[in-house]
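Architecture and fold: a report
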Amino acid sequence: MASVAKEWREIPGRYNLEGTKCDCCGKVYFPERNFCPKCRRDSIGKMKTVKLCREGEVFSYSIIHDAPAANNSQKPYAVAFVKTKDDVLIAGQLVDVDLEKIEIGMPVRAVLRKLDADGAAGVIHYGFKFVPNV
Amino acid sequence: MRDVAIVGIGATQFGELWNNSFRSLGIEAGSRAIEDANLSGDEIDALYIGNMSAGRFISQQHIDALIADYSGMATNHIPATRVEAGGASGGVAFREAVIAVASGLHDTVMVGGAEKMTDLDDASINSVMDATADAEWEAGMGLTLTSLYAIIARRMMFEGTVTREGIASVAVNSHFHGALNPGAQFRKAIPIETVLKSGPVAEPLGVFDCAPITDGAAAVILCPLEDAKKYTDKYVKVSATSQASDTLALFQRPDITTFEATRVAAKKAYEMAGITPKDINVAEIHDDYTVSGIMALQDLGFYKKGEAGNAFLNGETHFDAGKVAINTSGGLKARGYPVGASGVAQIVEITEQLRGTAEKRQVKNAKYGLAQSVGGTGSAVTVSILEAI
Ligand SMILES: [Zn+2]
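A brief structural summary.

Cut-offs and rules
- Residues numbered from 1 in each chain as written.
- Chains lettered and ligands numbered in written order.
- Predicted model: local features only at pLDDT ≥ 70, side-chain atom pairs only at ≥ 80, totals over all residues.
- Heavy atoms only, no water.
- Patch = residues over 30% accessible without salt bridge, like charges linked within 9 Å, V, L, I, M, F, W, Y side chains within 5 Å.
- Areas by Shrake-Rupley, 256 points an atom, 1.4 Å probe, with all protein chains shown as cover.
- Salt bridge = Lys/Arg side-chain N within 4 Å of Asp/Glu carboxyl O.
- Lys, Arg positive; Asp, Glu negative; His and termini not counted.
- Charge placed at Lys NZ, Arg CZ, Asp CG, Glu CD.
- Helix = DSSP H or I, 4+ residues; strand = E, 2+ residues; numbered from the N terminus.
- Buried < 20%, exposed > 50% of the residue type's maximum accessible area, 1.4 Å probe, protein only.
- Pairing = 2+ DSSP bridges.
- Donors = N, O, S within 2.8 Å, 3.2 Å for Na, K, Ca; no water.
- Tetrahedral: all angles 85-135°; square planar, octahedral: opposite > 155°, others 65-115°.
- Expected span 1.5 Å × (residues − 1).
- Arc of directions from axis to C-beta.
- Contact = heavy atoms within 4.5 Å.
- Buried area = accessible area lost by both parts, 1.4 Å probe.
- Axes fitted to C-alpha atoms, helices over the stretch in contact; angles between N-to-C directions.
- Parallel < 35°, antiparallel > 145°, perpendicular 65-115°, else oblique.
- Nonpolar A, V, L, I, M, F, W, Y, C, P; charged D, E, K, R; others polar.
- Left-handed = near helix turned anticlockwise from the far one by under 90°.

1. What to know about a negative patch on the surface
A cluster of acidic residues, D66(A), E16(B), D121(B) and D122(B), forms a negative patch at the surface. Inspection of the secondary structure assignment puts E16(B) in the loop between β1 (4–11) and α1 (22–36). Taking relative accessible area as the criterion, E16(B) reaches 44% and is therefore assigned partly exposed.

Following this line, the structure appears as structure tokens:
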């Protein structure tokens, strides 16, 4: 069972889609990084927190039938790599959607949802999921 | 650096081995390798073990000490080291052992790989595999390892570099060879329809696109090339071993339809061996998923992007097709996938092929063989090249 500290430590990324932008080369990373793998020491102290654009499109996807215990009640469910409008690829679930109608290029946006829970009395994890952007 | 030889090999049966414990499997493979190399066991001065997750599969940490003890080597107090790199655990353990002999620090080294998976329930096993991806930003967001490979497969099909049939034929090839390997978990050839109609796991991938849950172990004995003749006349040379890394999360890569770590490791390995992909006669590739096999053939330089699917479909990958023979052991899909053992079991198969002892699946006049082992979604890759003497 995960600690409560782990849950709140992840809030900036999981709730707010906060990543980091390298001020040297302009590349945006998600999740956050302490330095830019391209610019290395030049980027230290120049990494700025940025919120990713919450809108984007499906880059690729899968429909999961064989789910881990925590997500067993949801199956089948869709997961996707989404390319945000600021050109960052992120991974998450795709919900409130007809599974048959998902396609690459489909416009989506990120919303805050319950991800899963550590048992009935455990910590509830929240984070972003994608929904069709109509 | 010294040249290194493989002087002994051993492997257990692969399968759901309810009667065997982790330690009994490890010891069986090790004993066979020692016997094969005509050693007493006292000559061995270091031990490396590839193991992914005994801690979660059998609740046993400290596998290095366990194996050293039950192989009777703890009383000689030799160093024992357990290596973990997800699915590449066995490949990395092999490479570390080669480095130890090449450097001159050790002379006669055993490298083993072992995994006992079936003591745990299937859902828990899958969660352990999912943890070889990014546990926080992939698995923690609801993605499974299978779904990540499914996302790769879907994107490749969308970009038009492979068809669903091309992907499925990777499993057909592995089962074709598994039928010829008495040590394989699945020893039955299958038609492509079996793969295409298998129940969905993570669409578009089905049950037959995924390597099975397997118990098993494998071991090889290394020594300096110049000493190999002292033990045996059926040794092979380790011409190259290389390793490369990439981001832990697949979504952080500029291109998800290729494993850059495979390309980098392969390039270094070919340079080290002084050969090109055209010189390879037989290869064991990491087909934990069918789509991984498509990527492997392209990233290792055997086929251009867009051509690997047809190579599998046309049977060019068969042991007797005269091209580079792929997964003559049955691969991870049909031989079985005891995770930490696989990278070492690949070396065992390539050694059999180069010695000419692969029986019904023997590739004619095999001179060079290659083994590729992959962790997660290509976050760690080893490529090793062996050469017949
Ligand atoms: Zn930068």
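We are not done yet, so read on.
2. Observations concerning the pairing of strand β5 (residues 77–84) of chain A
Residues and elements named next belong to chain A. Counting buried residues along β5, seven of its eight residues qualify, which places the element largely inside the surrounding structure. The sheet contact formed by strand β4 (residues 55–64) and β5 spans eight bridges and is antiparallel. Among the inter-strand pairings, Y61 is bridged to a residue of β5, identified as A80. Connecting β5 to the antiparallel partner strand β6 (residues 89–94) that follows it, the hairpin turn spans four residues, and D87 within it adopts a positive phi of roughly 70°.

3. Structural notes on the coordination of the zinc ion
Residues and elements named next belong to chain A. Distances from the zinc ion to its protein donors, C22 (SG), C25 (SG), C36 (SG) and C39 (SG), fall within 2.3 to 2.4 Å. Between the four donor atoms coordinating the zinc ion, the angles at the centre fall across 106 to 112°, so the site counts as tetrahedral. All donors of the zinc ion belong to a single chain; written as a sequence motif, their spacing is C-x2-C-x10-C-x2-C. Within this pair, whereas C25 is found in the loop between β1 (18–22) and β2 (28–29), its partner C36 is found in the loop between β2 and β3 (47–51), the two being separated by eleven residues in sequence. The exposure class of C36 is buried, given its relative accessible area of 0%.

4. Some details on helix α10 (residues 260–273) of chain B
Residue and element names in this part refer to chain B. The end-to-end C-alpha separation of α10 is 20 Å, in line with the 20 Å expected for 14 residues at 1.5 Å each. Buried residues of α10: A261, T262, A265, A266, A269, Y270 and A273, and no others. Around the axis of α10, the buried residues are gathered within 155° of arc, so they sit on the same side. Facing away from the buried surface of α10 by more than 90 degrees, the exposed residues are K267 and E271. For α10, the elements touching its buried residues are β8 (236–245), α11 (290–299), β11 (368–375) and β12 (380–388).

5. Re unusual backbone geometry
Residue P31(A) follows F30(A) across a cis peptide bond; omega there is -5°. Among the structural elements, P31(A) can be located in the loop between β2 and β3. E203(B) connects to P204(B) through a cis peptide bond whose omega is 10°. With respect to the element layout, P204(B) can be found in the loop between β5 (200–203) and β6 (205–206). Unusually for a residue other than glycine, D96(A) sits at a positive phi of about 55°. Considering the arrangement of structural elements, one finds D96(A) in the loop between β6 and β7 (107–117).

6. Quick notes on the interface of chain A and chain B
By a frequent convention, interface size equals the accessible area lost on bringing the separate parts together. With 29 residues of chain A at the contact, the number on the chain B side is 27 residues. Of the roughly 2600 Å² buried between chain A and chain B, counting both surfaces, carbon and sulfur atoms make up 62%. Scanning the region where chain A abuts chain B turns up zero salt bridges. Elements supplying a minimum of two residues to the side of chain A that touches chain B: α2 (11–16), β4, β5, β6 and β7 of chain A. In terms of residue count, the dominant contributor to the side of chain A that touches chain B is β4(A) (six residues).

7. A closer look at the side chain of Q298(B)
Residues and elements named next belong to chain B. Tracing the backbone shows Q298 in helix α11. A residue is classified by how much of its surface remains accessible, and Q298, at 8% relative accessible area, is buried. Setting aside residues no more than four positions away along its own chain, Q298 makes contact with M156, R263, Y303, K304, K305, G306, E307 and A308.

8. Quick word on the packing of helix α7 (residues 164–178) of chain B against α11(B)
All names here are of chain B. Where α7 contacts α11, the axes come no closer than 7 Å and their chain directions differ by 100°. With respect to α11, the axis of α7 lies roughly perpendicular. Seen from α7, the contacting residues are G166, I167, A168, V170 and A171; seen from α11, they are T290, V291, G293 and I294. Classifying every residue of the contact of α7 with α11 gives six nonpolar, three polar and no charged.

9. Description of the packing of helix α6 (residues 145–159) of chain B against α11(B)
Between two packed helices, both the angle of their axes relative to each other and the distance between the axes serve to describe the pair. Residue and element names in this part refer to chain B. Running from amino to carboxyl end, α6 crosses α11 at an angle of 65°, the nearest separation of the two axes being 9 Å. Crossing handedness for the pair α6 and α11: left-handed. Residues Y149, I152, A153 and M156 of α6 pack against V291, S292, I294, M295 and Q298 of α11. Split by residue class, the contact of α6 with α11 holds seven nonpolar, two polar and no charged.

These results come straight from atomic positions and should not be treated as a statement about function.
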